[in-house]
Amino acid sequence: MVGLEMNEQNTSKLQPKFCLLFVQPINFFAQSFSKVIFIGIKQKSQKFSDSNLTILVQQILGKSPIISKKIKKKLLLNLYGKRTGNLLNDKIQQENRSPLLKQRFEPFSIEETKENVVIEQEDKFDQFKDFVFGIQIQKCQRDVYLDGKVNPINKQNNFIKNSKYNAFTFLPLVLFEQFHQFINLFYLGLTITQCISFLKVGFLIDYLGPLALVVAISLLKELYDDIQRHMRDHQINNYEYGLITENGIQKITSGNIKVGQIVEVKCNERIPADLLVLYADDEQGNVFIRTDQLDGETDWKLRKAVKATQNLIKNGADPSSLISQNSYATCQEPIANIYQFSGLFNYRYQKESLSLEHVMWANTVLATGRIYGLVILNGKETRMAMNSKTPKTKFGILDDEINWLSFLLFVMMSIMAGIVTAFSGQPATASVVTVAYIRYLVLLSNIIPISMRVNLEFAKLVYSYKINIDPQIEGTITRNSNIPESLGRIQYLLSDKTGTLTQNDMIFKKLSLASAQFSEEDKEEMKKILIEQCKLNEYPLQDVVNFLNKNNSKLRLKRERDQVFRDLMFALCLCHNVTPIYDGENPKTFQASSPDEIALVKIAEEIGIELLSRDQIQITIKDCIQRKQKYEILNNFPFSSETKRMGIILYNREADRYIFYVKGADAVMKSLVQEHQRGFIDEECENLAREGFRTLVITQKLLTKQEYENWKMKFDQANEQIENRETSIQKAISLLEKDMEFLGITGVEDKLQEDVCSTLENVRNAGVNVWMLTGDKIETAICIAISSGIKSPTQQIFLIKETSDPEKFQQQINTFGVDTNNHLLVIDGTSLNTALTYFEELFFTIATKSLSVVCCRCSPTQKAQVTECIKFYTKKVVACIGDGGNDVGMIQSADVGIGIEGKEGKQAALASDFSIIKFKYLNVLLLWHGRLSYKRSALLSQFVIHRGLIISVIQAVFMFVFYFLSISIFSGGLLLGYSTIYTYLYLLKARMFPVFSIIFDEDVDIKIALQYPPLYRSLQKGRDLNAKTFMVWVWKSIFQGVIIMILALAMFKNIFLEIETVAFTALIFNQYALTLSELHSLHIVMIISNIASAFIYILSIMWFPNQLLVSAMTFQFFFYVIVIVLVSWSPCFLAQKILKKYDPSDYEKIMANVKRELINTKIFK
């Protein structure tokens, strides 16, 4: 502790005594910093100038020799704040961590001095840093006052930003991405060489034109996409909410909402920031929200207002009075966990603990009523933002393969240029050899064709357009036209569950009692039983009460089946968190945190027990003979992932009866019933699970008044504890849960999306491994895995759950690794966190060998992490599909993100690369469009490589023959037309360019592609575009280029213009012939395309006679052209046919089997 008193000797006019309570140096390796906190002021009325304060602080810091000059300067800035005044006082409030600081401080008067100018400059630098890099997330707890103050000060804004660029970053980032491509970077280098006179071999426009065109198209495309994102962001950020002020409720846009403000949110409005609920217009302060955009669950979640502020407004106070209250909420630091929150609300010397049920996360939707909420987190600090990822530009696997092949072409070009330079006989000086080498390199640069980017970019647009207009997948939108080919190379499909595989629509299927089983077809029989029992006994457990009164003891009563069934129906109608909603003349609807509960309440109503009303105090029901019964809710224990059950204690005043109901998962419920009933529960739940049903075990217990009051005392004591409160409460509840009476097991079915099973079967047969990532419970996930076919009938379930011990987890995953093919791995969020923390490589090395994996209780961040890890450790193409806001992270992390527009909104669809309406559309999207897109682009890219390489071979032969002249055999105009102009004729002249006819090629029709998924599997090894196919096309280029040039020289001797004319014409028609021979199917568009292109070529020669020797084009000339084309093309064509017959590829073998099956089918029809 360092103390210091100021007097006239050390400051001329200062008398106040300050006490510096502590200077705490903290060393983290090489980084040291000190935290200095002023927390005492003895003379609050004394005013002083900033310069005197500077002297004071400097002398204080001078007492601490361990603090460096740099740290001292920073401390001065932090301690006396900014020039605007009162900031030292604000700093004291910000650093308030001690109960000693409950006293109020008067504001300081700070005068302008030279030191202020330095601080102002540093403050401007901080503002600039925040503007460029964004405001950083505060990693500390905060106090949020109802009057708008925040401790520490929070500068976050609430603007949503899904766009990738702004006005400053657009050009640099897009140009970086463009020149990240090897071809673009290479042609940029070529363009620069043509600006140097002694390296120039042609016109600058010959190299700059194609490059500028390709980059400009990409820039415009990115600009259009990002403008659309900016427009969507603008719409969200400018949505208006009510702001509670001292002058009433005013309007504020979503983007301008700050921490500490109180906002009004109405029914069906999006929650704009993370809010603490201060008031709800429900009498009890209860309100429901939809969290489907956050956790993927469409179930409504119950939220409660803070009691103190709820009562204040309920008693007639104006909403603006909230601001004047001396109250604040202490909240934990911003974290990503959407299932956790803790805090404390301080109101007039009273404290109320805050939990998850008091807050609403941003991007959830208010389902009922109206609320006033205190903004506790906004912007990047919200749970939604912390679970989201910054969007990035995606490039497909084809782009990577093209880059790799381009590098091989560059190596080949460099070698060819070196060979020509070596044989050219240049003087053996470094400068001359270097210049000659570069000139030859430029002349051979057509080996790497810039037109490949043009062709592929336009091809991608055509693929995207064909996807968008396909009537079989109506409503599908391509939002990222960069990666349609990646749809044909997917090897891992990661799917959400709720709303993706399922419709989240529960249907009652079966009811199993110990002595009977009822299905949905037995409703009439169930109604009869219930009517008879209601006539005999008005209230549940009546036969048990009669027996106990008669025998005056708790002997075990063997109950009849019908009596148990009656109590089971009452339990279904009473043990839940369902609230009926009446909306005028509209039919009654239900709100609940689980669709299972709604399904059970509905079946109870169909049988005869109707739920009339429910609030936090009372439940009112009507039995099958129209008698109303009211039950007071004494205690309610909601379902949680830890307890896996829910319970409720009810009191019926008319019958003077206390009843305790508990329902939950069989894994925990079987330990609560008698031992002889546990075997039945295990067996029956397993049978229902095999049918794909979600199960709940229902139990009850009759309590006496004395039993309840004794237990209530223990429960209240546990509830008053501060430390280990949850553990103590659960221990108290467990005292009641002993020896429960088993009533029955319910089986409900979560309706699957249309054709989910057949779609997943096709996808798996196509060689795609399917993973299910869900935030739902393990039991639910397993049920859906069974019913959807993710788990095959021959597989056993290997479960890893709640494993936080690294050694135990390592043992379990190694055990699973022994036999991955015959087991379905099911892992929960806790165990997955252990895997990601300690055994990331081990886990994904083993797990990715399994055909399917189910991850339960996954947070949005974990979903994205799993996606990234599969990509990293397998180096394979990963696709993710989901429909909720919680799926955005993994969709953006995937190589291919697919969003479904459904009940959970459009956030996933808007963030995806492809959005679809139904899950079954994956069949057509992957097996048809994805497969064709990849096969077409693979052929197109190799054809374009061949087209550039053959020109370079002709150029090389020309230079060898004509004494190594460093001039181009073809003029720049001819080369530009050869590589670009005819490409654009595809767009301008109704598909007339022959190379582009490749993108309409179909090797099979859609029916066969969907019927034989192994056709898709043949693409996954990349055999359509690899080193082998590349070398085949290189051989074709060398052979045809040499033949064309040699025959041209032989037929036209040494007349240069005639050689140029015949070689170029033969080259053009060779391309036409090669195009037709490489296609799998011919249609009228392709034939017309080639004929029209040939005609346009001839016309272009007539229009530009200076490019070629038109006078040489006689009948003999065209005869020689035909001979050259036949000699150069036919050997390649024959060799290709022979190779397919004697050494067929996997694809050709599959196609042979397909044709045989089709022939056999036709024969036996």
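Every value quoted in this text rests on a predicted model; they were computed, and no experiment measured them. (Residues numbered from 1 in each chain as written. Predicted model: local features only at pLDDT ≥ 70, side-chain atom pairs only at ≥ 80, totals over all residues. Heavy atoms only, no water.)

1. Here we look at helix α31 (residues 922-961)
Spelled out, the test is: Helix and strand assignments follow DSSP, with helices taken as H or I runs no shorter than four residues and strands as E runs no shorter than two, numbered in order from the N terminus. A helix is expected to span 1.5 Å for every residue after the first. Two axes are fitted around each residue, one to the seven residues ending there and one to the seven starting there, and the angle between them is reported as the bend at that residue. To sort residues, take the accessible area from a 1.4 Å probe on protein chains only and compare it with the maximum for the residue type: under 20% means buried, over 50% means exposed, and anything in between is partly exposed.
A rise of 1.5 Å per residue sets the reference length of α31, with its 40 residues, at 58 Å; its end C-alpha atoms lie 56 Å apart and thus fit the reference within 8%. Taking the largest bend as the criterion, α31 deviates by roughly 30°, centred on Gly930. Counting buried positions along α31 gives 38 out of 40 residues, so the element sits mostly inside the fold.

2. With respect to empty space enclosed by the protein
Just so we agree on the cut-off: Grid points spaced at 1 Å and placed over the protein atoms alone form the basis of the search, with a cavity being a set where a 1.4 Å probe fits but cannot get out and a pocket an open set showing protein on both sides within 12 Å along at least five of seven lines. Lining residues have an atom within 4 Å of a point. Grid points are joined across faces, edges and corners, and a volume is the space filled by probe spheres set on the points. For this classification, the nonpolar set comprises Ala, Val, Leu, Ile, Met, Phe, Trp, Tyr, Cys and Pro, the charged set comprises Asp, Glu, Lys and Arg, and every other residue, Gly included, is treated as polar.
Across all of its chains, the model carries five cavities of 30 Å³ or more by this definition. Computed from the structure, the largest cavity encloses a volume of approximately 100 Å³. Considering the residues around the largest cavity, the lining is formed by Tyr165, Val174, Glu177, Gln178, Ser218, Lys221, Glu222, Thr393, Phe395, Arg453, Glu457 and Asn482. Of all elements in the fold, only α5 (170-179), α7 (204-237) and α14 (451-469) reach the threshold of two or more residues within the lining of the largest cavity. Looking at the lining of the largest cavity, its residues break down into three nonpolar, four polar and five charged.

3. Examining the state of the cysteines
To keep things clear, this is the line we draw: Disulfides are defined as cysteine sulfur pairs within 2.5 Å.
Following the criterion strictly, the structure yields zero disulfides and no others. With no disulfide of its own, Cys624 has Cys534 as its nearest cysteine by sulfur position, at a separation of 3.2 Å.

4. Brief notes about the side chain of Ser933
Where we set the bar: Whether two residues are in contact is decided by their heavy atoms: any pair within 4.5 Å suffices.
Locating Ser933 in the fold gives a position in helix α31. Taking relative accessible area as the criterion, Ser933 reaches 3% and is therefore assigned buried. Not counting residues within four places of it along the chain, the set of residues in contact with Ser933 comprises Tyr463, Pro484 and Glu485.

5. What about the pairing of strand β6 (residues 240-245)?
For clarity, the threshold we go by: A pair of strands counts as paired when DSSP detects no fewer than two bridges linking them.
β6 sits mainly inside the fold: five of its six residues count as buried. With six bridges joining them, β6 and strand β7 (residues 248-253) adopt antiparallel strand pairing. Looking at β7, one finds that Glu240 is bridged to Thr253. Between β6 and β7, which pair antiparallel and follow one another directly, the connecting turn spans two residues. In the sheet, β6 pairs with strand β8 (residues 262-266) via two bridges, with the strands oriented antiparallel. Bridge pairing links Gly242 to Glu264 in β8.

6. Quick notes on the UniProt feature "transmembrane region" (unreviewed entry) in the protein chain
Here is the rule we go by: UniProt positions are given in the numbering used here, feature names are shortened, and annotations may be inferred rather than shown by experiment.
Look at the UniProt record and you will see "transmembrane region" (unreviewed entry) annotated at residues 207-224, 402-425, 437-456, 944-963, 969-988, 1030-1049, 1084-1105 and 1117-1135. For residues 207-224, the helix share is 100%, the strand share is 0%, and the end-to-end C-alpha distance is 27 Å. The distance separating the terminal C-alpha atoms of residues 402-425 is 35 Å; by composition the span is 92% helix and 0% strand.

7. Quick notes on the sheet that holds strand β13 (residues 343-347)
Pairing is antiparallel across the open sheet formed by five strands, whose spatial order is β5-β4-β12-β13-β14. Both outer strands of the open sheet, β5 (150-151) and β14 (350-354), are each paired with one neighbouring strand and no more.

8. Examining the UniProt feature "active site" (unreviewed entry) in the protein chain
Counted only if it meets this: Here a polar contact means two N or O atoms within 3.5 Å. Within protein one must be a hydrogen donor candidate and the other an acceptor candidate, and residues neighboring in sequence count only if both atoms are side-chain atoms.
On the UniProt side, "active site" (unreviewed entry) is annotated at positions that read Asp496 here. Note on placement: Asp496 falls in the loop between β19 (490-495) and β20 (502-512). When its relative accessible area of 1% is taken as the criterion, Asp496 is described as buried. Excluding residues within four positions of it along the chain, Asp496 makes contact with Leu501, Leu773, Thr774, Lys863, Ile881, Gly882, Asp883, Asp887 and Met890. Among the polar contacts listed, one links the side chain of Asp496 to the side chain of Thr500, at a separation of 3.4 Å.

9. Regarding the sheet that holds strand β16 (residues 365-366)
Ordered by their spatial adjacency, three strands build an open sheet running β11-β10-β16, and the pairing between neighbours is antiparallel. The outermost strands of the open sheet, each flanked by one partner alone, are β11 (300-304) and β16. Looking at chain direction, strand β10 (residues 286-290) and β16 are connected through two bridges and run antiparallel. Bridging from a neighbouring strand, Arg290 pairs with Val365 of β16.

10. Here's the deal with the packing of helix α26 (residues 829-838) against helix α27 (residues 840-847)
Counted only if it meets this: Structural elements are reduced to axes, namely lines fitted to C-alpha atoms, with helices fitted over the stretch in contact, and the angle between N-to-C directions of any two is expressed from 0 to 180 degrees.
Taken N-terminus to C-terminus, the directions of α26 and α27 make an angle of 115°; their axes are 5 Å apart at the nearest point. Residues Leu832, Ala835, Leu836 and Tyr838 of α26 form the contact with α27, whose participating residues are Glu840, Phe843 and Phe844.

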